[in-house]
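# Summary of structural features
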Amino acid sequence: MPLPPRPRGFIFDLDGTLYRGERAIPGAAEFLVELEKRALPYVFATNRANRTPEEVAAQLRSMGIACRSEQILTSALATAEALRPGRACIIGQPALIDALARNGIEATPGKPDYVIVGFDETLTYRKLATACRWLLSGARYIATNPDNTFNTADGVAPENGAVIAAIHAATGRMPEVIGKPEAPLFRSARRLLNRLHPGLNADFDALCMVGDNLDTDILGAKRLGICTILMMTGIARGPDAAADRRADIVAEDYAGLTQRLFSC
Ligand SMILES: [Mg+2]
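Everything numeric in this text was worked out from a predicted model, so none of it was measured.

With that settled, consider the packing of helix α1 (residues 28-37) against helix α9 (residues 254-262). Between α1 and α9, the shortest axis-to-axis distance is 9 Å and the interhelical angle comes to 25°. Comparing the axis directions of α1 and α9 gives the class roughly parallel. When you trace α1 past α9, the crossing you get is right-handed. Listed contacts from α9 to Ala-28, Glu-30, Phe-31 and Glu-34 of α1 are Tyr-254, Leu-257 and Thr-258. A breakdown of the residues in the contact of α1 with α9 according to their chemical character gives 4 nonpolar, 1 polar and 2 charged.

This next bit is on the sheet that holds strand β12 (residues 176-177). The 5 strands lie next to each other as β7-β6-β8-β9-β12, forming an open sheet whose pairing is parallel. Of all the strands in the sheet, the pair left with one neighbour each is β7 (105-107) and β12. Here strand β8 (residues 114-117) runs beside strand β9 (residues 140-143); their pairing, made up of 4 bridges, is parallel. Residue pairing for β9: Val-115 is matched across the bridge by Tyr-141.

Once the chain exits β8 it traverses helix α5 (residues 125-136) before rejoining the sheet at β9, and the crossover so formed is right-handed. Two elements, β9 and β12, share 2 bridges in a ladder whose sense is parallel. The residue bridging Ile-142 from the neighbouring strand is Glu-176, located in β12.

Before going further, it helps to examine unusual backbone geometry. In this chain, Lys-180 is followed by Pro-181 through a cis amide linkage whose omega measures 10°. With respect to the element layout, Pro-181 can be found in the loop between β12 and α7 (183-196). Phi at Ala-39 is positive, roughly 55°, even though this residue is not glycine. Structurally, Ala-39 is set in the loop between α1 and β4 (42-46). With 8 C-beta atoms packed within 10 Å, Ala-39 lands in the exposed category. A positive phi angle is found at Asn-201, which is not glycine, with a value near 50°.

Our next topic: the sheet that holds strand β5 (residues 72-74). Reading across from one edge, β5-β4-β1-β13-β14-β15 is the order of the 6 strands in this open sheet, with parallel pairing throughout. Whereas interior strands pair on both sides, the edge strands pair on one side only; in this sheet they are β5 and β15 (249-251). Between one strand and the next, the sheet's axes are offset by a mean angle of 25°, whatever the strand orientation. In the packing of helix α3 (residues 75-82) onto the sheet, the strands contacted are β4 and β5, and the crossing angle to β5 comes to about 70°.

Before going further, it helps to examine the environment of Asp-13. For Asp-13, the position within the fold is in the loop between β1 (9-12) and β2 (19-20). In this structure Asp-13 comes out as buried when scored by C-beta crowding, with 25 C-beta atoms within 10 Å. Once the C-alpha coordinates of Asp-13 and Ser-62 are considered, the two residues, 49 residues apart in sequence, prove to be 17 Å apart.

Burial analysis of helix α8 (residues 214-223) places 8 of its 10 residues in the buried class, the great majority of the element. Taken residue by residue, α8 has Leu-214, Thr-216, Asp-217, Ile-218, Leu-219, Gly-220, Ala-221 and Lys-222 as its buried positions. Against α7, β13 (207-211) and β14 (227-231) lie the buried residues of α8. Looking one or two residues beyond α8, the residue adopting positive phi is Gly-225, at roughly 85°.

The rules behind each value
- Residues numbered from 1 in each chain as written.
- Predicted model: local features only at pLDDT ≥ 70, side-chain atom pairs only at ≥ 80, totals over all residues.
- Axes fitted to C-alpha atoms, helices over the stretch in contact; angles between N-to-C directions.
- Helix = DSSP H or I, 4+ residues; strand = E, 2+ residues; numbered from the N terminus.
- Parallel < 35°, antiparallel > 145°, perpendicular 65-115°, else oblique.
- Left-handed = near helix turned anticlockwise from the far one by under 90°.
- Contact = placed C-beta atoms within 7 Å.
- Nonpolar A, V, L, I, M, F, W, Y, C, P; charged D, E, K, R; others polar.
- Pairing = 2+ DSSP bridges.
- Right-handed = clockwise from strand over helix to strand, strands pointing away.
- Buried ≥ 20, exposed ≤ 12 C-beta atoms within 10 Å, placed from the backbone.

Below you can see the structure in the form of structure tokens.
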């Protein structure tokens, strides 16, 4: 789809789009200031489920990127928003467990309505075995995000997709996924923008997704009719992609994006 004549809101990916490692991508902080000047609202949407919005906001601020924790949407928050209250067997850290509890989804050692699987650095064999047991007895299966790996200072490390694969090997079941590229995270991002900016009332076709990943940011946003901006600052090695992953705008850097969006 073409760029909306007047984009009314932006959704930003984090890793590879606003920062890499410990450092902000050059021009990212200034681009957000430009959006503020133009009264264009934005939120940040991350597939990572094991950090609270406050932790993510503090990380961004430490890199010089101004933000408020209310602007941060994690897949943990989107998962809590997408599900009705109930009882859950949860693989996840406190950021996920607390977000779910605030929306009436309580962790239970007994028979659960849901098995909810999110990135968990404290994963144990016992947690895995318990989740598999409840899945084999018919619990609804939800995953916060499908990412197989993420980058650490020591190299590539397993993310939630690797645990989903382990559970699949044991049970044959695959989850309903909340995070990018699936729709629930984008729906939550749109709701968050509209909630933070009363009167905005933006539909998907008035929004832009800014991300570096063709398989999650771009694919997922395109499916919903969101304008897509691919930043060549992270994982993407080239803009060439199948039609369902072809971004509306490809920007080498934020100077290029600023010119493309605001020069006329
Ligand atoms: Mg990214």
